[in-house]
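# Topology and contacts: notes
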Amino acid sequence: MAENKTLKIGIAGSGNRSQGYARALGQVERARVTAAATSNRLAVDLQRTIPGVAIERDVGGLIRRTNVDAIVFADPVVDLPAVIRRALLADKHVLATISSPVTCSQLDELASLARRRQRLLMFTEERSFHPALIFLKWMLSGRSGLWQPRYIRAVSAPGTGNGNNSGPSIAALIVEELAICARLLGENPASVSGVVCRVEAEAMPAAAFVNLLYADGRVASLQASITEAQESRQWALATPSKTVLLDECDIRSPVKIVSLDSETAAGSPLRINPPVPLAEWPSESTVTPPLRSTDTKVDQCRHFVESILNRDLCESNAAFWADVALAWEAVQESVRLEGMPVSINAASEREKRAVGERPKLRLIRGKGMGTVDARKRPALTLVPR
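About the thresholds
- Residues numbered from 1 in each chain as written.
- Predicted model: local features only at pLDDT ≥ 70, side-chain atom pairs only at ≥ 80, totals over all residues.
- Heavy atoms only, no water.
- Helix = DSSP H or I, 4+ residues; strand = E, 2+ residues; numbered from the N terminus.
- Buried < 20%, exposed > 50% of the residue type's maximum accessible area, 1.4 Å probe, protein only.
- Pairing = 2+ DSSP bridges.
- Axes fitted to C-alpha atoms, helices over the stretch in contact; angles between N-to-C directions.
- Polar contact = N/O pair within 3.5 Å; in protein donor to acceptor, adjacent residues only side chain to side chain.
- Contact = heavy atoms within 4.5 Å.
- Parallel < 35°, antiparallel > 145°, perpendicular 65-115°, else oblique.
- Left-handed = near helix turned anticlockwise from the far one by under 90°.
- Salt bridge = Lys/Arg side-chain N within 4 Å of Asp/Glu carboxyl O.
- Nonpolar A, V, L, I, M, F, W, Y, C, P; charged D, E, K, R; others polar.
- Patch = residues over 30% accessible without salt bridge, like charges linked within 9 Å, V, L, I, M, F, W, Y side chains within 5 Å.
- Areas by Shrake-Rupley, 256 points an atom, 1.4 Å probe, with all protein chains shown as cover.

Looking only at helices and strands, the chain features 10 helices and 17 strands. Taken over 385 residues, the chain has a buried fraction of 45%.

This brings us to the sheet that holds strand β1 (residues 7-12). If you walk across this open sheet you meet the 6 strands as β3-β2-β1-β4-β5-β6, and the pairing is parallel. Where the open sheet ends on each side, the last strands, each with one partner, are β3 (54-56) and β6 (121-123). For this sheet the average axis-to-axis angle between neighbouring strands, irrespective of direction, equals 25°. As paired strands, β1 and strand β2 (residues 31-37) are joined by 6 bridges and run parallel to one another. Paired with Ile9 across the strands is Val33, a residue of β2.

Once that is clear, we can look at the side chain of Lys92. Here Lys92 is to be found in the loop between α4 (80-89) and β5 (93-96). Among the polar contacts made by the side chain of Lys92, one reaches the main-chain carbonyl oxygen of Val68 at a distance of 2.8 Å. Ignoring sequence-local partners within four residues, the contact set of Lys92 consists of Ile63, Arg65, Thr66, Val68, Asp69, Ile71, Ala87 and Arg119.

For Asp79, which is not a glycine, the phi torsion comes out positive at approximately 55°. Positive phi, normally seen in glycine, also occurs at Glu338, with a value near 60°. Tracing the backbone through its elements, the reader meets Glu338 in the loop between α9 (318-336) and β15 (342-343). By relative accessible area, which is 73% here, Glu338 ends up exposed.

Where helix α7 (residues 170-185) meets α9, the closest approach of the two axes is 9 Å, and the angle between their N-to-C directions is 125°. Viewed along their axes, α7 and α9 adopt a mutual orientation that is oblique. Seen from above, α7 lies across α9 with right-handed handedness. Contact residues: Ala171, Ile174, Val175, Leu178, Ala179, Ala182 and Arg183 in α7; Phe320, Trp321, Val324, Ala327 and Trp328 in α9.

Side chains carrying opposite charge are able to pair once their charged atoms draw close together. Applying the stated criterion across every chain yields a total of 18 salt bridges. Across the salt bridge formed by Arg233 and Glu248, the nearest N and O atoms sit 3.7 Å from each other. Taken together, the positions of Arg233 in strand β11 (residues 232-238) and Glu248 in the loop between β12 (242-247) and β13 (255-259) put the pair 15 residues apart, joining distant regions of the chain. Among the salt bridges present, the one from Arg302 reaches Asp299, with a minimum N-O distance of 3.5 Å. Note that Arg302 and Asp299 are positioned in helix α8 (residues 296-309) at a spacing of 3 residues, about one turn of the helix. Note on Arg302: relative accessible area 23%, which makes it partly exposed. The exposure class of Asp299 is buried, given its relative accessible area of 16%.

A word on the packing of helix α1 (residues 16-25) against helix α2 (residues 40-49). Interaxial distance between α1 and α2 falls to 11 Å at its minimum, and their mutual angle equals 15°. The angle between α1 and α2 places the two elements in the roughly parallel class. Relative to α2, α1 is oriented so that their crossing is right-handed. Each of Ser18, Gln19 and Ala22 in α1 lies in contact with α2, whose residues at this interface are Leu42, Asp45 and Leu46. Of the residues belonging to the contact of α1 with α2, the class tally is 3 nonpolar, 2 polar and 1 charged.

This part is about a nonpolar patch on the surface. Taken together, the side chains of Tyr151, Leu213 and Val219 define a hydrophobic patch exposed on the protein surface, amounting to about 240 Å² of accessible area. Examined against the element boundaries, Leu213 turns out to sit in strand β9 (residues 207-213). By relative accessible area, Leu213 is classed as partly exposed at 40%.

With that settled, the discussion passes to the pairing of β9. Pairing geometry for strand β8 (residues 191-197) and β9, over 7 bridges, is antiparallel. Note that in β9 the partner of Ser191 across the bridge is Leu213. Of the strand pairs in this sheet, β9 and strand β10 (residues 219-225) are connected by 7 bridges, and their pairing is antiparallel. Bridging across to β10, Asn211 finds its partner in Ser221. Count of turn residues in the β9/β10 antiparallel hairpin: 5 residues, of which Gly217 carries a positive phi of about 100°.

Rendered as C-alpha cells:
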C-alpha cells in the first residue's frame, strides 16, 4: 500500500469492548474508524466520540460497505466463524476476539480462506502485549536462553467483587491461558488433563483445573475461576535457580525474580513463619525489572494496522489459534473422562481431517453369530442379512 494510505476500519459489537477498540484505533496512526454495527445506545456514544462515523443496523451491512478495508469483531458475535468467512469473502481484513471457543477445524478453514483471498486474519492477543509477559517470553526464548523452566503455574479470575457478573466464561479463560502458555514456551503440549468444579444446581462449572505435559517433561498448571471475588491474573515460573512471579494486575511492579540461594542466608525470609511479604524482602533476594506501562489494546490495534499496511500477511495467527483450539478440545475430552490424560498430535489430527480417515470394514459371516477377535476390534462392523 502507499505510504500515505489510511486504513478504513469498521467495528462490530454491542458491548464495552467494541467501544474500547474504537478508542484504541483512534490512537493508531493511519487508521480511521468509518463505520460500526452496534446497538442504538452505543451508537450514540460512538458518534459523539468519532464524528462522521456511519452506523449500520447489522453486521451484514457493515461487511457490504465499500469504504471499509478491515473489520474488527470486538464483542461476542453470534456464529463468529460464519461472519468472519463472509468478511473474508468480501475482501476485508479481520481482527476478532475469541470470546467463546472456535473449533480447530473452523480455524483451519478460515486460515486457508484468508490465504486464498490474500487477506489478514488476526485474533486478538491483548495480554501478549503486556510488558511483563513480553519480558518473560524473551527470557524463555532461545535468543536469551537464560531460564529453563521446570513448570509454570497460572491463576486467572475476572473477579466478581466489582459486579463483573457478565465476564468471560470458564472456557474462554482456559483457552486464553492455553494461548499464553503456547506463546511463552513456544510449543504445544504433548498431553493434557483437566477437571472442573461443578455444583449440581449450577449449569456451568465454577472453576477449572488443567495440567499440560510437554515432551521434555515440563508441566504447566492452569487454574481458572469465575466465582472468586478479587480479580487475579498471576503466573509463577520455577527454574533450577530462580522463581519468577508475575502479576498482570500489579501496575507498578508486575514481575519479581526471587533467587533461591537466599534460602541459605541466616534469617532468610523463607525461614520465617509466617513468610515475609515479597514487598519487604531484601533487595539482594528479589529483583524487580523496570517495565514501561502500555495500553495493550492500542498495541494490538497498531500491530494489526501496520501488518496490513505493510502487506505482512504472515502476521496472521489463525493457524496458531487452531493449535490452541486443538488443545482445548483435548481438555474437553479429558474433562468428559473425569481427568484422564488425553494426548495431542496436531500434525496427525490435521492430516486426518485433510485426507479423511476411513473406518475399517470387517465382514462377519453367519448372520452375526460368528466370533470376533476382541484384541483388535474394528471401527465399523458389517453383518450381512
